[in-house]
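Next come the chains, spelled out residue by residue.
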Amino acid sequence: MLQIFYPYEYKDSAYQIDFDRLYQEGYRGVIFDIDNTLVEHGAPADARAVRFFAHLKKLGYRCCLLSNNKEPRVRAFNEKIRVKYIYKAHKPWTANYHKAMRLMHTDTSNTLFIGDQIFTDIWGANRAGIRTILVKPINPKEEIQIVLKRYPEKVVLHFYKKWLKKQTKS
């Protein structure tokens, strides 16, 4: 029942994902949430993010930012990154996940989604048919509406971890 919320993978950070290996597996597009996935909430793209996206582009990835934020926030983050972006994405609705794939000229078979929230990022991408990677939030200081969602996320993560253990035993 809760499996629609389960990510394909759960990592400590977007910066620790082995994108070289994933490229070898055939992935060509990556859709990213921004806040608390790539940088602290509201922060500009830092040097680490700039190097990270330069590496992804060098590997051959097409990237798109998918954010529920308004355009000024997304545009400001993207100034140094320079990738496609969609603002006011209305995640978890699936329409803009599909739009991101069209912008990158990818499809569900070769696209990844990286985000820090289960009930927006992961749920939406799962419903859109995209391989998902949940990452731990960069900073625990968040807006109240996100803090309130973190409590039921803990329940989902508890059952996800139990499910993972069961999968590895079989």
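Presented here is a report on the structure given in the accompanying data block. In this text the structure is predicted, and so the values were computed from the model without any measurement.

Now for the sheet that holds strand β4 (residues 84-86). The six strands lie next to each other as β1-β6-β5-β2-β3-β4, forming an open sheet whose pairing is parallel. At either margin of the open sheet sits one strand with a lone partner, and together these are β1 (9-11) and β4. Strand-to-strand twist across the sheet, computed as the mean angle between neighbouring axes with direction ignored, equals 20°. The sheet contact formed by strand β2 (residues 29-32) and strand β3 (residues 62-66) spans four bridges and is parallel. Bridged to F32 within β3 is L65. Sitting on the sheet, helix α5 (residues 118-128) is in contact with β5 (111-115) and β6 (131-135), with an inclination near 165° to β6.

Let us look at the pattern of salt bridges. Applying the stated criterion across every chain, the model contains nine salt bridges. Notably, a salt bridge pairs K11 with E9, separated by 3.6 Å at the nearest N-O pair. K11 sits in the partly exposed class, given a relative accessible area of 29%. Notably, a salt bridge pairs R21 with E25, separated by 2.5 Å at the nearest N-O pair. Judged by relative accessible area, which is 43%, E25 ranks as partly exposed. One connected set of salt bridges, linked through shared partners, spans E9, K11, D18, R21, E25 and R131.

Residues N96, Y97, A100, M101 and M104 constitute the buried set of helix α4 (residues 95-104). Angularly, the buried residues of α4 cover 150° about the axis, an arc narrow enough to put them on a single face. Along α4, the residues that are exposed and aim more than 90 degrees away from the buried face are A95 and R102. Elements in contact with the buried residues of α4: β2, β3, β4, β5 and α5. A positive backbone phi angle near 60° is found at H105, which sits one or two residues after α4.

Core analysis: the largest hydrophobic core is formed by 27 residues, its most contacted members being F19, F32, L38, F53, L65, F77 and I114. Of all the secondary-structure elements, those providing two or more residues to this core are α1 (19-24), β2, α2 (47-59), β3, α3 (71-78), β5 and β6. Here this core gets four residues from one element, more than from any other, and that element is α2. Residue contacts for L38: discarding those within four places in its chain leaves A14, Y15, F32, D33, R48, F52, F53, L65, F77 and I138.

Secondary-structure assignment places K91 in the loop between β4 and α4. Looking at K91, its side chain comes within polar contact range of the side chain of D33, at 2.9 Å. At 2.9 Å, the side chain of K91 and the backbone oxygen of L66 are in polar contact. Excluding anything up to four places from it in sequence, K91 contacts D33, L66, S67, N68, Y97, T120 and D121.

A word on the pairing of β5. Burial analysis of β5 places five of its five residues in the buried class, which makes it a mostly covered element. Pairing geometry for β2 and β5, over four bridges, is parallel. Bridge pairing links G29 to T111 in β5. In this structure, β5 lies alongside β6, joined through four bridges in parallel fashion.

Procedures and definitions
- Residues numbered from 1 in each chain as written.
- Predicted model: local features only at pLDDT ≥ 70, side-chain atom pairs only at ≥ 80, totals over all residues.
- Heavy atoms only, no water.
- Pairing = 2+ DSSP bridges.
- Helix = DSSP H or I, 4+ residues; strand = E, 2+ residues; numbered from the N terminus.
- Axes fitted to C-alpha atoms, helices over the stretch in contact; angles between N-to-C directions.
- Contact = heavy atoms within 4.5 Å.
- Salt bridge = Lys/Arg side-chain N within 4 Å of Asp/Glu carboxyl O.
- Buried < 20%, exposed > 50% of the residue type's maximum accessible area, 1.4 Å probe, protein only.
- Arc of directions from axis to C-beta.
- Core = buried A, V, L, I, M, F, W, Y, C linked by side-chain atoms within 4.5 Å.
- Polar contact = N/O pair within 3.5 Å; in protein donor to acceptor, adjacent residues only side chain to side chain.

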